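What the coordinates show
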Amino acid sequence: MPPIKIGLVGLGKIARDQHLPALGNNPDFELVAVASRNASLEGVADFASLEAMLDGAPELDAVALCTPPTVRHAQARLVLARGKHVLLEKPPGATLSEVEDLTRQAEVAGRTLFATWHSRHAPGVAPAREWLAAREIQRVEIQWKEDVRVWHPGQEWLWEPGGMGVFDPGINALSIVTGILPNAFFLREATLFVPENRQAPIAANLAFSDAAGAPIEAEFDFLQSGPQTWDIHVDTDAGRLTLSKGGSQLFIDGRLEHEAPEQEYPSLYTRFAELIGESRSEVDVAPLRHVADAFLLGRREVVEAFVET
Ligand code: NAP
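Values in this document were obtained by computation on a predicted structure and should not be read as measured data.

The final tally for this structure, using the stated rule, is nine aromatic pairs. Ring centres 6.0 Å apart and planes at 25° place the aromatic pair Phe114 and Phe272 in the stacked group. With Phe114 in strand β6 (residues 113-115) and Phe272 in helix α8 (residues 264-277), the pair connects residues that are 158 residues apart, well separated along the chain. Accessibility assignment for this pair places Phe114 and Phe272 in one class, buried.

So this is what it looks like as structure tokens:
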């Protein structure tokens, strides 16, 4: 099979940190074009807009959208209308309606739509799902706390409507939890802490419960200094499972059971090639739905202004 000719849109942090290396090491793909308004890549055809890339590189089979969520719907619709497969960075859109529409458009176009959740590809996630499948879930505690100044420098879009603020990383935790827990769960109450000079929360406390009544509590924080925390604890009838460091380490009752090098983006592109080969789409909106529920149900508390420097 010849490699899948792919174009990448939005040459920002995640495109450079993860997509370019993952594509460079995957013979199933050939990066032939990049569309970014303010950046270019040596040795690859570059365009100032997606429209220009689609006109200038008609040989493209697929496009990876690494732009912020608020612009992805229009971009993905255009790409599908031009008959290309689409990979969406997380979160797959700014609203659920947009993502539903894209699912329909992909069906109409007969192309693959892959709404990625990179954290689900962390090495501890699949073994955690397996271990939890036969267990009774008693309580879940999620701590997702990072320093926005370190991980998202200068990303003003995060603080705009649709940027989701602390839910931008928090949705990664929700993508893991919706991927490993055997039962559906529902938001019961939430508090969103919104800086007085911003539109999106800088911290959030969420209280869910599953259908059997087991509590699931989450704390998201964007102002964590010192050690960063991306941990999920699940208490069960057979002990406590902990996924630590964003899902890269799995502990049972404090014993390290599974650890492997992080391969989230290589795994995403392997999956994208499989889906294209099978003419299928993969779109799970469960994590985005929980975020939408938090914005629907959450109590807002205005907190002190956030200033980046
Ligand atoms: P970023 O550094 O701001 O990069 C996004 C790029 O998209 C920008 O460099 C910009 O490139 C382009 N862009 C920005 N606003 C645009 C607009 N209005 N219209 C068209 N293009 C626009 O952001 P990022 O951190 O890479 O995040 C992008 C997506 O990846 C987000 O959904 C995020 O959740 C996800 N993600 C990020 C990380 C992370 O650690 N940063 C991890 C996993 C997933 P030009 O100005 O050159 O067009």
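The structure having been displayed, the exposition proceeds.
Among all positions of helix α3 (residues 72-81), only Arg72, His73, Gln75, Ala76, Val79 and Leu80 are buried. Buried positions in α3, seen along its axis, are confined to an arc of 165° and lie on one side of it. Away from its buried face, by an angle of more than 90 degrees, α3 presents the exposed residues Ala74 and Ala81. Where α3 is buried, its residues contact β1 (4-9), α2 (50-56), β4 (62-65), β5 (85-88) and α4 (96-109). Positive backbone phi, at 80°, marks Gly83, one or two positions downstream of α3.

Here the amide bond leading from Lys90 into Pro91 is cis, since omega sits at -15°, within 30 degrees of zero. For Pro91, the position within the fold is in the loop between β5 and α4. Here the phi dihedral of Ser279 falls at roughly 50°; this positive angle occurs in a residue that is not glycine. Relative to the helices and strands, Ser279 is located in the loop between α8 and α9 (286-297).

Rolling a probe over the atoms, with the probe sized like a water molecule, indicates the empty space that remains. Taken as a whole and judged by the stated rule, the model has one cavity of 30 Å³ or more. Taken as a whole, the largest cavity holds about 30 Å³ of empty space. Surrounding the largest cavity, Val148, Arg149, His152, Gln155, Leu158, Trp159, Phe306 and Glu308 form its lining. When grouped by side-chain class, the residues that make up the lining of the largest cavity number four nonpolar, two polar and two charged.

Estimated volume of the second largest pocket: approximately 260 Å³. Counting residues per element, the lining of the second largest pocket draws most heavily on α8, which supplies three residues. The class makeup of the residues in the lining of the second largest pocket is seven nonpolar, two polar and two charged.

Another point: the domain arrangement of the protein. Frequently, the measure chosen for interface size is the accessible area removed from exposure when the parts meet. Domains assigned within the protein are domain 1 (4-115) and domain 2 (119-261 + 292-303). Placing the centre of domain 1 and that of domain 2 at their C-alpha centroids yields a distance of 27 Å. Facing nine residues of domain 1, the contacting portion of domain 2 comprises 10 residues. Carbon and sulfur atoms make up 70% of the surface buried where domain 1 meets domain 2, a total of about 760 Å² over both sides. Sorting the residues of domain 1 by area buried against domain 2 places Lys13, Lys90 and Pro91 first, and these three jointly supply 51% of that buried surface. In this assembly, domain 1 and domain 2 are joined by one salt bridge. Counting the contacts that link domain 1 with domain 2 gives one residue pair in polar contact (both at pLDDT 80 or more).

Bringing the nonpolar core into the picture now. With 51 residues, the main nonpolar core has Ile142, Phe167, Leu181, Leu206 and Phe220 as its most contacted residues. With seven residues, helix α7 (residues 167-180) is the single largest residue contributor to this core. Not counting chain neighbours up to four residues away, the residues in contact with Leu206 comprise Phe167, Leu187, Glu189, Ala190, Ile216, Glu217, Ala218, Phe220 and Ala294.

Our next topic: the site of the ligand. Within the structure, the ligand sits among 23 residues, and Ser36, Asn38, Arg72, Lys90 and Asp168 are positioned closest to it. Within the backbone of Ile14, a nitrogen or oxygen atom sits 2.8 Å from an oxygen atom of the ligand. Split by residue class, the shell around the ligand holds 10 nonpolar, seven polar and six charged. Counting contributing residues, the shell around the ligand receives three or more from each of domain 1 (4-115) and domain 2 (119-261 + 292-303).

The subject of this paragraph is the sheet that holds strand β14 (residues 255-259). Either a parallel or an antiparallel arrangement is found when strands of a sheet pair, and the pairing is made through backbone hydrogen bonds. A sheet is described by the order of its strands in space; here nine strands give the open sequence β14-β13-β12-β11-β7-β10-β9-β8-β15, paired in mixed fashion. In this open sheet, the two strands that pair with only one neighbour each are β14 and β15 (299-303). Across this sheet, the average inter-strand angle for adjacent strands is 15°, counted without regard to direction. On top of the sheet, α7 reaches β7 (137-145), β8 (185-195), β9 (203-210), β10 (215-221), β11 (229-236) and β12 (239-244); it is set at about 155° to β7, its chief contact. α9 contacts β8, β9 and β15 of the sheet and is inclined by roughly 65° relative to β8.

Criteria and cut-off values
Residues numbered from 1 in each chain as written. Predicted model: local features only at pLDDT ≥ 70, side-chain atom pairs only at ≥ 80, totals over all residues. Heavy atoms only, no water. Phe/Tyr/Trp six-rings, centres within 6.5 Å; stacked < 30°, edge-to-face > 60°. Helix = DSSP H or I, 4+ residues; strand = E, 2+ residues; numbered from the N terminus. Buried < 20%, exposed > 50% of the residue type's maximum accessible area, 1.4 Å probe, protein only. Arc of directions from axis to C-beta. Contact = heavy atoms within 4.5 Å. 1 Å grid on protein atoms, 1.4 Å probe; cavity = no way out; pocket = protein on both sides within 12 Å on 5 of 7 lines; lining within 4 Å. Points joined across faces, edges and corners; volume = space filled by probe spheres on them. Nonpolar A, V, L, I, M, F, W, Y, C, P; charged D, E, K, R; others polar. Domains from an automatic or database assignment. Buried area = accessible area lost by both parts, 1.4 Å probe. Salt bridge = Lys/Arg side-chain N within 4 Å of Asp/Glu carboxyl O. Polar contact = N/O pair within 3.5 Å; in protein donor to acceptor, adjacent residues only side chain to side chain. Core = buried A, V, L, I, M, F, W, Y, C linked by side-chain atoms within 4.5 Å. Near = heavy atom within 4 Å. Pairing = 2+ DSSP bridges. Axes fitted to C-alpha atoms, helices over the stretch in contact; angles between N-to-C directions.

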